[in-house]
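Structural features, examined
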Amino acid sequence: LVRLKSEERLLEQKIASAEFKAAQIAHDKASGDDKTILAAKLDAAKARLELAEFRVSQTILNAPFDGEVRDLPGQGTIAVGESVLEGEPVMRMIDPSELWVEIPVDRTQVKAGDSVSVPVDGADATGTIQAITEATGEFQKLQDLFQSVAIAKVLFDNGSGQLKPGQAVRSDMIPRHPIAEVPLSAIRNTGNAETERMVQIIRDGFVRNIPIQVLGQIGPTHVYVSARFTSSDELIASSSEPVPDGSWVRSLLDVPASLQSESGNESSNARNSVPPVPGGTPLPKASRSKF
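Residues numbered from 1 in each chain as written. Predicted model: local features only at pLDDT ≥ 70, side-chain atom pairs only at ≥ 80, totals over all residues. Heavy atoms only, no water.

Side note on the overall build of the protein
- Scanning the protein from N- to C-terminus turns up three helices and 16 strands.
- Evaluated residue by residue, the protein yields a buried proportion of 26% over its 291 residues.
- In the protein, the proportion of contacts linking residues at least 24 apart, taken out of those at least 6 apart, comes to 65%. (Helix = DSSP H or I, 4+ residues; strand = E, 2+ residues; numbered from the N terminus. Buried < 20%, exposed > 50% of the residue type's maximum accessible area, 1.4 Å probe, protein only. Contact = heavy atoms within 4.5 Å.)

Here's the deal with the sheet that holds strand E14 (residues 222–226)
- A sheet is described by the order of its strands in space; here three strands give the open sequence E9-E14-E13, paired in antiparallel fashion. Of all the strands in the sheet, just strand E9 (179–183) and strand E13 (213–218) have a single pairing partner and so form its edges. With strand direction ignored, the average angle separating the axes of adjacent strands in the sheet is 30°. (Pairing = 2+ DSSP bridges. Axes fitted to C-alpha atoms, helices over the stretch in contact; angles between N-to-C directions.)

Topic: the packing of aromatic side chains
- The full count for this structure, using the stated rule, is zero aromatic pairs.
- Positioned above the aromatic ring of Trp100, the side-chain terminus of Lys153 is 4.5 Å from the ring centre. (Phe/Tyr/Trp six-rings, centres within 6.5 Å; stacked < 30°, edge-to-face > 60°. Lys NZ or Arg CZ within 6 Å of the ring centre and 35° of its normal.)

A closer look at helix H2 (residues 33–57)
- Look at H2: 37 Å from first C-alpha to last across 25 residues, which is about the 36 Å you get at 1.5 Å a residue.
- Looking only at H2, the buried set comprises Leu42, Ala45, Leu49, Ala52 and Val56.
- Summarising the contacts, the buried residues of H2 are in contact with helix H1 (7–29) and strand E2 (60–61). (Expected span 1.5 Å × (residues − 1).)

As for the pattern of salt bridges
- The final tally for this structure, using the stated rule, is five salt bridges.
- Between Glu68 and Arg70 there is a salt bridge whose closest N-O contact spans 2.8 Å.
- Since its relative accessible area comes to 27%, Arg70 is described here as partly exposed.
- The shortest N-O distance in the salt bridge between Arg203 and Asp233 comes to 2.7 Å. Of this pair, Arg203 sits in strand E11 (residues 197–203) while Asp233 sits in the loop between E14 and strand E15 (234–239); the two residues are 30 residues apart in sequence, bridging distant segments of the chain.
- The exposure class of Arg203 is partly exposed, given its relative accessible area of 23%. (Salt bridge = Lys/Arg side-chain N within 4 Å of Asp/Glu carboxyl O.)

Describing the sheet that holds strand E5 (residues 98–106)
- Ordered in space as E5-E8-E7-E6, the four strands form an open sheet in which the pairing is antiparallel. Edge strands, defined here as strands with exactly one partner in the open sheet, are E5 and strand E6 (115–120). Pairs of neighbouring strands in the sheet enclose a mean axial angle of 45°, with direction left out of account.
- One ladder, built from six bridges, connects E6 with strand E7 (residues 123–134); its direction is antiparallel. Paired with Ser115 across the strands is Thr128, a residue of E7.

Remarks on the nonpolar core
- Ile103, Val118, Val154, Phe156 and Leu163 are the most contacted members of the largest nonpolar core, which has 14 residues in total.
- Elements with a contribution of two residues or more to this core: E5, E6, E7 and strand E8 (149–157).
- Beyond its immediate chain neighbours, meaning those up to four positions away, Ile103 contacts Val118, Ala150, Ile151, Ala152, Val154 and Val169.
- Judged by nonpolar contacts, the second largest core, of 13 residues, contains Ile210, Ile212, Val223 and Ala227. (Core = buried A, V, L, I, M, F, W, Y, C linked by side-chain atoms within 4.5 Å.)

Describing H1
- Taking 1.5 Å of rise per residue, 23 residues should cover 33 Å, and H1 covers 34 Å from first to last C-alpha, within 8% of that figure.
- Where H1 is concerned, the buried positions are Ala16, Ala23 and His27.
- Considering only its buried residues, H1 is in contact with H2.

A word on the packing of H1 against H2
- Close contact between H1 and H2 brings their axes to 8 Å; oriented N to C, the two are set at 160°. Here H1 lies roughly antiparallel to H2, going by the angle between them. Here the hand of the crossing between H1 and H2 comes out left-handed.
- In terms of residue class, the contact of H1 with H2 is built from twelve nonpolar, four polar and ten charged. (Parallel < 35°, antiparallel > 145°, perpendicular 65-115°, else oblique. Left-handed = near helix turned anticlockwise from the far one by under 90°. Nonpolar A, V, L, I, M, F, W, Y, C, P; charged D, E, K, R; others polar.)

Structural notes on the side chain of Asn158
- Looking at the element boundaries, Asn158 is found in the loop between E8 and E9.
- Residue classification places Asn158 among the buried positions, given a relative accessible area of 3%.
- Contacts of Asn158, omitting those with residues within four sequence positions, involve Pro96, Ser97, Glu98, Leu99 and Leu163.

Quick word on unusual backbone geometry
- Here the phi dihedral of Asp204 falls at roughly 55°; this positive angle occurs in a residue that is not glycine.
- Within the element layout of this structure, Asp204 appears in the loop between E11 and strand E12 (206–211).
- Assessed through its relative accessible area of 69%, Asp204 is described here as exposed.

Right, dumping it as structure tokens:
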């Protein structure tokens, strides 16, 4: 993976190798007590050579397993000739045969060892929960939306190489659209299996059916939902009759001045009338609340 500058270490190894050869020759030619003394010197020379060889080996960093080399996050690649400090990270290495991800989960619904299906770049991948820990960091914000949030470390067997590091992983507990607090009475069924729940809003004077993702409930009457809301949308909390999608509506507060009485109050007709839609069909009166 990495080869450090090693000229000095190689010279030390060369010197130690020569000293060992000299000690070996002297030992082989000696006899008697001299041979015993030179044997000790030979052992010392051999140890110095082994130490020099070890220091040379420390200038080469080999991979501990088969895998892929990755840059350090936010640092890029270490350039040739660049100085590094001892212990300083210079790259990442991953084993692509086993990939993992941390996702938020409902602690009451899953446990370690469970198999879970996770959307990865639009396709489902099955993994095994290795551990469940408390929600920390950015996941703590989800505790306002759900009752029991935890973090699951999910491991994927990727021997086939189908998954790639860095692919996007989706979680149903991470909203993708703006969040609003709405009364439970405002939520309706769509009749569509792909978008089971919706709310009705008034946008630019027209009623719109907006599919929603239901999040955590707030007490007995309200719930958090996520949908493609805009800042000017008005929620229809309730209506006396069903209001079709696309219906045109106008607030009773927007009645012309000519319909008001001389005292400045609305006339009885203005208070009780409902603005017509194109075609003359009156709309039911609706209760609206601002996001």
